[in-house]
Amino acid sequence: MRFFIASVIILILAFVIKVDLQQGTIPMASFYQTEEKCEQQEELQYVAVQIQQDDTIYSLFAATPSPVKTTFPERLSQFYKLNPHLQLQTLIPGNTVLIPLISNTTKICAN
């Protein structure tokens, strides 16, 4: 009977120590890190283009390909950031629009 009680106590102590080491105060104290505050700064390079008759956004993007691989939705969102007056409007011949070429994203972190 003593052997049974001693083995149960040893198992309970081993379980408590295991849980404390995995989820308790020791790992939290040794792996605590401060959070870094990071900001993303985006730099757009663009080209000014004059709209001709029957031009569309697709034809403008095809005429001025981006050297960096970007998807059409990404480039379209950059286009509307540069030309907010064109949202929900057609392209009017003779107007000048800005076409995005390269978007450099820089991450600035400070402690």
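An account of the accompanying structure is given in this report. (Residues numbered from 1 in each chain as written. Predicted model: local features only at pLDDT ≥ 70, side-chain atom pairs only at ≥ 80, totals over all residues. Heavy atoms only, no water.)

Overview of the environment of Asn 95
Inference 1: Inspection of the secondary structure puts Asn 95 in the loop between helix H4 (72-82) and strand E2 (96-110).
Inference 2: Along the chain, Asn 95 and Gln 52 lie 43 residues apart, while their C-alpha atoms are 8.4 Å from each other.
Inference 3: What Asn 95 contacts, discounting residues up to four positions off in sequence, is Val 49, Gln 50 and Ile 51. (Helix = DSSP H or I, 4+ residues; strand = E, 2+ residues; numbered from the N terminus. Contact = heavy atoms within 4.5 Å.)

What to know about the packing of aromatic side chains
Describing an aromatic ring pair means giving the distance of the ring centres and the angle of the ring planes.
Inference 1: Enumeration over the complete set of coordinates arrives at four aromatic pairs.
Inference 2: Relative to Phe 72, the ring of Phe 61 lies with its centre 5.6 Å away and its plane at 65°, an arrangement referred to as edge-to-face. Pair noted here: Phe 61 is in helix H3 (residues 57-63) and Phe 72 is in helix H4, with a separation of 11 residues, a long-range link.
Inference 3: Centroid distance Phe 79 to Tyr 80: 5.4 Å. Interplanar angle 70°. Geometry classified as edge-to-face.
Inference 4: Residue classification places Tyr 80 among the partly exposed positions, given a relative accessible area of 23%. (Phe/Tyr/Trp six-rings, centres within 6.5 Å; stacked < 30°, edge-to-face > 60°. Buried < 20%, exposed > 50% of the residue type's maximum accessible area, 1.4 Å probe, protein only.)

Things to note about the nonpolar core
Inference 1: One finds Val 49, Ile 51, Ile 57, Leu 60, Phe 61, Phe 79, Leu 86, Leu 91, Val 97 and Ile 99 forming the largest nonpolar core, which totals 10 residues.
Inference 2: Broken down by secondary-structure element, the contributors of at least two residues to this core are H3 and E2. (Core = buried A, V, L, I, M, F, W, Y, C linked by side-chain atoms within 4.5 Å.)

Side note on the side chain of Arg 75
Inference 1: Note that Arg 75 resides in helix H4.
Inference 2: Glu 74 provides the closest opposite charge to the buried, salt-bridge-free Arg 75, at an N-O distance of 9.3 Å.
Inference 3: Residues in contact with Arg 75, not counting those within four places in the same chain, are Phe 61, Thr 64, Pro 65, Ser 66, Thr 70, Ile 99, Pro 100 and Leu 101. (Lys, Arg positive; Asp, Glu negative; His and termini not counted. Salt bridge = Lys/Arg side-chain N within 4 Å of Asp/Glu carboxyl O.)

A word on a nonpolar patch on the surface
Inference 1: Together, Met 1, Phe 4, Ile 5, Val 8, Ile 9, Ile 12, Leu 13, Phe 15, Val 16, Ile 17 and Leu 21 make up a nonpolar patch on the protein surface, roughly 1100 Å² of accessible area in all.
Inference 2: Positionally, Val 8 belongs in helix H1 (residues 2-23).
Inference 3: Owing to a relative accessible area of 33%, Val 8 belongs among the partly exposed residues under this scheme. (Patch = residues over 30% accessible without salt bridge, like charges linked within 9 Å, V, L, I, M, F, W, Y side chains within 5 Å. Areas by Shrake-Rupley, 256 points an atom, 1.4 Å probe, with all protein chains shown as cover.)

A word on H4
Inference 1: Restricting attention to buried positions, one finds in H4 the residues Arg 75, Gln 78, Phe 79 and Leu 82. Seen from one end, H4 has its buried residues packed into an arc of 105°, which puts them on one side. Seen from the open side of H4, the exposed residues pointing more than 90 degrees away from its buried face are Pro 73 and Lys 81. (Arc of directions from axis to C-beta.)

Concerning unusual backbone geometry
Inference 1: In this structure, Asp 54 takes a positive phi of about 65° despite not being glycine.
Inference 2: Among the secondary structure elements, Asp 54 is positioned in the loop between strand E1 (37-50) and H3.
Inference 3: A relative accessible area of 67% places Asp 54 in the exposed class.
Inference 4: In this structure, Leu 88 is a non-glycine residue whose phi angle is positive, near 60°.
Inference 5: One can find Leu 88 in the loop between H4 and E2.
Inference 6: Among the residues examined, Leu 88 registers a relative accessible area of 91% and is labelled exposed.

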